[in-house]
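Okay, here's what each chain looks like letter by letter:
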Amino acid sequence: MSFVLGRGDRDSGPVGHLGRYRALDGTSGAPLYCDLDGPHAVTIVGKRGYGKSYTMGVLAEELAKIAGLAPVIIDPMGAFETLAEPNTAVERDDEIPATVINDPTVKPTALDPRSWCGLLGLSPEQGAGGLVWQAAQQSSTIAEMRTRIDDTDAPLVDKRAARNHLRLADTWDVFDATGLEAADLAGPEITIIDISGLESAPMNAVCRGVAEALYRARVTETIARLPWLLLDEAHTFFSGVAEPALERILTRGRAPGVSLVAATQRPSAVPELCLSQSDLLFAHRLTAQSDLEALAASQPTYMNGSLADADRLPDAPGEVVVVDDSTETVHAVQIRTRETAHGGDSPQASDIEV
């Protein structure tokens, strides 16, 4: 006897193996699967060291096994490159297909004029921000934006400020007119976009460009596979210029078939929309009161008890409580062993030979 999370009223289609039910005495029960046929919004929460990133890696492995899907991971910590490496501790017949993009770039046009102003910390209503707004409306490269600003009759101080801000954005090396397109990300393998060397602003720019590209491509049906966008440290992106694109996927992604997986150790730092729009919530151990309150505020009425109760959430790594809004059920689960190496562990002094 097995159960498929997120299946709703569908009775067939591809699924992914996530783990097994966790009995009260600690033993393993029946296998548990996740629906991978339709689009989903998934939130994974948990404090550091309790399996949040590990669970997302397991889900990514299962996504890569389905021919009609295109899993894309935004990796701000460099923890998922190991998906492209075999785990010698696990025997299997085939490898998990994965590719890593180490120096990602996106098109400047992926950001609308308001987002350009937000990215640069400028007010769009006046001065340098107004110049950037106007230039972004008419340009496809940062060089073109600077030229259009130079050609205006605006005050010299405003033009200088606008050019300096754009020069800073150019030094991030994440904008290119030939940057990533949806077709580059729509293969059957896991595409890992490593942005671990970037600061928050350029990280957000890349995330915004990728999210926009995938969503638009499915709306216009220019890619066939259904994309799954997986975000680690999701609170970093919901507080930056990537937020509008992510919220669009959460609220409108179902129709074009775009899924979002948001993993965070700080559920109190992501918008309530992220939790309320998720049809699958994976809750590992949390202890911060603000995070527990955020979960409790968003939990459905059909749950008995509260996720804010100290004894409701699991207390061991790899254990998780799953709230499935599609079937209005709650499950205690032990996540299965990764088929690829896990890269999210912290280094230990005892492992260093000097």
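Refer to the structure printed above.
Here goes a summary of the coordinates provided. Every residue gets a number counted from 1 within its own chain, in the order that chain's sequence is written. Selection of residues for local features in this predicted model requires a pLDDT of at least 70, selection of side-chain atom pairs for listing and counting requires 80 or more, and totals for whole chains, interfaces and linings are taken over all residues. Heavy atoms throughout the structure, all of them, feed into the side-chain values; hydrogens and water do not.

What follows deals with helix α7 (residues 200-219). What counts as a helix is a DSSP run of H or I of at least four residues, what counts as a strand is a run of E of at least two, and both are numbered from the N terminus. Between the first and last residue of a helix there are one fewer steps than residues, each counted as 1.5 Å, and that sum is the expected span. With 20 residues, α7 extends 28 Å from end C-alpha to end C-alpha; this agrees with the ideal 28 Å at 1.5 Å per step. When a residue's accessible area, from a 1.4 Å probe over protein chains only, is under 20% of the maximum for its type it is buried; when over 50% it is exposed; and in between it is partly exposed. Of all 20 residues that make up α7, 16 are buried, and the element is covered over most of its length. One or two steps after α7, the chain reaches Glu221, where phi turns positive at roughly 60 degrees.

Here the focus is the pattern of salt bridges. Throughout this description, the term salt bridge denotes a Lys or Arg side-chain nitrogen within 4 Å of a carboxyl oxygen of Asp or Glu. On inspection of all chains with the given rule, the structure shows 17 salt bridges. The partner of Asp232 in a salt bridge is Lys52, with the nearest N and O atoms 3.5 Å apart. Taken together, the residues span a long stretch of sequence, with Asp232 in the loop between β8 (226-231) and α8 (235-238) and Lys52 in helix α1 (residues 52-63) at a distance of 180 residues. Across the pair, Lys52 and Asp232 agree in class, each one buried.

Two packed helices can be described by the angle between their axes and the distance between those axes. Between helix α2 (residues 113-120) and helix α3 (residues 127-138), the shortest axis-to-axis distance is 8 Å and the interhelical angle comes to 140 degrees. When the axes of α2 and α3 are compared, the pair comes out oblique. Every pair of crossing elements has a handedness; the one defined by α2 and α3 is right-handed. Listed contacts from α3 to Pro113, Arg114, Trp116, Cys117 and Leu120 of α2 are Gly129, Val132, Trp133, Ala136 and Gln137. Axis definition: a line fitted to C-alpha atoms, over the contacting stretch in the case of helices. Angles run 0 to 180 degrees between N-to-C directions. Throughout, the term roughly parallel applies to angles under 35 degrees, roughly antiparallel to angles over 145, roughly perpendicular to angles from 65 to 115, and oblique to all others. Left-handed describes a crossing whose near helix is turned anticlockwise from the far helix by less than a right angle; the clockwise case is right-handed. We call two residues in contact whenever any of their non-hydrogen atoms come within 4.5 Å of each other.

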